[in-house]
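# Fold and geometry: a report
The lines below spell out each chain.
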Amino acid sequence: MSNIKLVEKNLKKRYARERRFQLYGKMAVLTGFIFLALLLIDIISKAMPAFQATEILLDIPLDHATLELEPAQKLDQDTLSALNYAGLIKTALRQAFPEVTNRSDKKLLYKLVSDGAEFTLRDHIISNPELIGKDSISLWIKADDDIDTLFKLETLTSRVKPEQVAFVEQLKQENRIATHFNTTFFSNSDSREPEQAGIKGALLGSFWTLLVTLLLSLPIGIGAAVYLEEFAPQNKLTDFVEININNLAAVPSIVFGLLGLAVFINFFGMPRSAPLVGGLVLSLMTLPTIIISSRAAIKAVPPSIKEAALGLGASHVQTVFHHVIPLAMPGILTGAIIGMAQALGETAPLLMIGMVAFIVDVPGGILDSATVLPVQIYLWADSPERAFTALTAATILVLLVFLATMNTLAILLRKHFEKRW
Amino acid sequence: MSIQQTATAPAIAQTQTNQKIMTSTSDTYKTVGRNIIPNPKFSTRNVNVFYGDKQAIFDTSLDIGNNEVVALIGPSGCGKSTFLRSLNRMNDTIPICRVTGEFTLDGEDIYAKTMDPVLLRARVGMVFQKANPFPKSIYDNVAYGPRIHGLASNNAELDEIVITSLEKAGLFKEVKDRLNAPGTGLSGGQQQRLCIARTIAVSPEVILMDEPASALDPIATAIIEELIDELRENFTIVIVTHSMQQAARVSQRTAYFHLGKLIEVGKTSQIFTNPRCELTENYITGKFG
């Protein structure tokens, strides 16, 4: 058989092998895609209810007799705050269901609305004091989370009594119950009551924590990478430092949390649960990522550019700052943003330093007690109330949106800074 | 199907009347020709260069005169680029590289502790094998050197330096309408002339060129060669080249390196017509290299 026949015979096999390999690749991509789609569909479908809140329209009496106020009385802030708003809501509920008289049924009736309803009403009255004296005003009042679940998902839980189902049916017929966009989810912090729980605290906690992380890890990381790559003498000590940086990248994150607890909180006495400590711990965790990717980016700068600058009489430092760092910037920024995205999604080390505490206040700075988005997810996923399932999924969705935004930013920045040479 | 093997061409017999000098292969040797001249611009004595344990240059002495073009030729790996790079201390950037010997520029020791390599490189510019413009505009490429050395006190002076340098490099006419376009967008030959303009913008005394035309087509090469000839009026030039025709066209003196040794130095016309060493003759007649 001549050579060309042999080649021809093998050619078919070679092509078949190539096609098979491409098929494997396509299948792998498809599988990945299917799992991603399943994940997203699951999260989005679970999260959707959390963006809607069930509210009940109540006619609240505000005449002076009900409020036990003299018509001539001056309405200052203290008087307004001290009014019996809980009582007003109960009165409104009794008026809406005049047939309910028995004590235990009344109790069930009062449970239709959220515990936070009185505060909604108080805030409304304080910002509109001219309403005092009117016979009644109509106000949408947030429903209790069990009623919310019943109305939105039409699922009966053991926590809802048959009497309450009947109340909801009646409200439906009177068009006094509806779902509205859940602003509470974005304007409130954590709460034991799902209908009053929101992510504002966790969102700001994440912001302060990441701010500390960014301000610490970016300059330190780039500085270390530039020094190690460009100026460090080639000796045993440098090798030792390099090996340890690579090792640090592989250390489980919870270990950094333990370190933070021992060093920053116990030894330096920094406040517990504070974004400052969280940021410090996450900086430690992010530094190796930033250093390694920055070094790779600096190494990738063509030596010809460095030689050109040195040949013109630029000093080593000038060469690095005028040419090497600008050319390495896309890689450095990509590494930094990926490190930040990692930090944004990190939970374990923050549990160790107390950011897992139940915190209702919105943190105003890096020293206030705070929690972060992934820890909030962890907390809510652990809660027994049914409505927290939706809140958990919604928070995951918000976190995913932030991660996607950061990664998009990384790509855009790389495109923007990338220059051909 | 088998390929018909052609008979190897018979070696062309050389008929030489005069006896050629055989250079000994031992570490001690003597350079043939006038490697030492009176009143040199650059003077090197007993230069040895090591990369780690490997010695790249052996006991080489070579003088370079004012306003002359000296071509360094030789087979790949013979050390000519290494020798060139030791003239402006570019080898300092390679950690394992060690240079010994005496280097003087206008009688000043360039490897002295008091000599600042930054200052030296402002006096001894360099053009590289592959055109390496910065990923910046044409203007900024040329202006970079004057800027870092503070050669211009205002923008008008800087403009003046940039334009004169581009003119001297024969590039100004081609790029005068797009000085803000990226330097990397020019053609290969234009990029190399941009690099030459960038080098002369610092007004060096000596320009080192490391195979400046090896990546260019014959037309671009011809332009560069003409340019080198013009630059000789103002600068001293040391050029490494693989092309013997180029060495013959642009240089006044030629130095032949072989395995890290400077074998023969002489007037270019003499080296290419009547080399005194057998190694030199073998190289220029194409018997090896």
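Residues numbered from 1 in each chain as written. Chains lettered and ligands numbered in written order. Predicted model: local features only at pLDDT ≥ 70, side-chain atom pairs only at ≥ 80, totals over all residues. Heavy atoms only, no water.

On to the domain arrangement of chain A. Residue and element names in this part refer to chain A. Considered domain by domain, chain A is made up of domain 1 (51–182) and domain 2 (200–417). Once you take the C-alpha centre of each, domain 1 and domain 2 turn out to be 47 Å apart. If you look at the interface, domain 1 gives 7 residues, while domain 2 gives 5 residues. Here domain 1 meets domain 2 over a buried area of about 470 Å², counting both sides, of which 70% is carbon and sulfur. The largest share of the area that domain 1 buries against domain 2 comes from Phe51, Asp145 and Thr149, three residues that together contribute 59% of it. Summed over the shared surface of domain 1 and domain 2, the result is 0 salt bridges. (Domains from an automatic or database assignment. Contact = heavy atoms within 4.5 Å. Buried area = accessible area lost by both parts, 1.4 Å probe. Salt bridge = Lys/Arg side-chain N within 4 Å of Asp/Glu carboxyl O.)

All right, on to helix 7 (residues 218–231) of chain B then. Residue and element names in this part refer to chain B. Taking 1.5 Å per residue, 14 residues should reach 20 Å; helix 7 reaches 20 Å between its end C-alpha atoms and fits that length. For helix 7, the secondary structure elements touched by its buried residues are strand 4 (69–73), helix 4 (155–168), helix 6 (188–200), strand 8 (206–210), strand 9 (236–240) and helix 8 (244–250). At the N-terminal end of helix 7, a side-chain oxygen is found 2.8 Å from the backbone nitrogen of Ile219, two or three residues along, and the residue is Asp217. (Helix = DSSP H or I, 4+ residues; strand = E, 2+ residues; numbered from the N terminus. Expected span 1.5 Å × (residues − 1). Polar contact = N/O pair within 3.5 Å; in protein donor to acceptor, adjacent residues only side chain to side chain.)

Another point: a positive patch on the surface. On the surface, Lys9(A), Lys13(A), Arg14(A), Arg17(A) and Arg20(A) cluster together into a positively charged patch. Looking at the secondary structure, you find Arg20(A) in helix 1 (residues 3–47). (Patch = residues over 30% accessible without salt bridge, like charges linked within 9 Å, V, L, I, M, F, W, Y side chains within 5 Å. Areas by Shrake-Rupley, 256 points an atom, 1.4 Å probe, with all protein chains shown as cover. Lys, Arg positive; Asp, Glu negative; His and termini not counted. Charge placed at Lys NZ, Arg CZ, Asp CG, Glu CD.)

The next subject is the environment of Gly125(B). As for its position among the elements, Gly125(B) is in strand 7 (residues 124–127). For Gly125(B), a relative accessible area of 2% translates into the label buried. (Buried < 20%, exposed > 50% of the residue type's maximum accessible area, 1.4 Å probe, protein only.)

Okay, the interface of chain B and chain A next. With 23 residues of chain B at the contact, the number on the chain A side is 18 residues. In total, chain B and chain A occlude about 1,700 Å² of area from one another, counting both sides; carbon and sulfur atoms represent 65% of this. When the area that chain B buries against chain A is broken down by residue, the three leading residues are Phe134(B), Pro135(B) and Tyr144(B), summing to 30%. Linking chain B with chain A are 1 salt bridge. Across the salt bridge formed by Glu307(A) and Arg85(B), the nearest N and O atoms sit 2.8 Å from each other. Applying the counting criterion to the chain B and chain A interface returns 5 residue pairs in polar contact (both at pLDDT 80 or more). Elements supplying a minimum of two residues to the side of chain B that touches chain A: helix 2 (117–123), strand 7, helix 3 (138–149) and helix 6 of chain B. By residue number, the principal contributor to the side of chain B that touches chain A is helix 3 of chain B, which donates 4 residues. Its residues placed into classes, the side of chain B that touches chain A shows 12 nonpolar, 7 polar and 4 charged. (Nonpolar A, V, L, I, M, F, W, Y, C, P; charged D, E, K, R; others polar.)

With that settled, the discussion passes to the environment of Ala224(A). If you trace the backbone, Ala224(A) turns up in helix 10 (residues 200–231). Distance in space between the C-alpha atoms of Ala224(A) and Thr371(A) is 30 Å, their sequence separation being 147 residues.

In any sheet, the strands associate via hydrogen bonds between backbone groups, in a parallel or an antiparallel arrangement. Residue and element names in this part refer to chain B. Ordered in space as 1-11-10-4-9-8-7, the 7 strands form an open sheet in which the pairing is mixed. Unpaired on one side and paired on the other, strand 1 (32–33) and strand 7 mark the two borders of the sheet. The pairing of strand 7 with strand 8 spans 4 bridges and is parallel. Among the inter-strand pairings, Met126 is bridged to a residue of strand 8, identified as Leu208. (Pairing = 2+ DSSP bridges.)

Residues and elements named next belong to chain A. Reading across from one edge, 2-1-3 is the order of the 3 strands in this open sheet, with antiparallel pairing throughout. Only two strands of the sheet have a single neighbouring strand rather than two, namely strand 2 (136–142) and strand 3 (177–181). For this sheet, the mean inter-axis angle between neighbouring strands, taken without regard to orientation, is 40°. Relative to strand 3, strand 1 (residues 52–61) runs antiparallel, the two sharing 5 bridges. From the neighbouring strand, Glu55 faces strand 3, where its bridge partner is Ala178. (Axes fitted to C-alpha atoms, helices over the stretch in contact; angles between N-to-C directions.)

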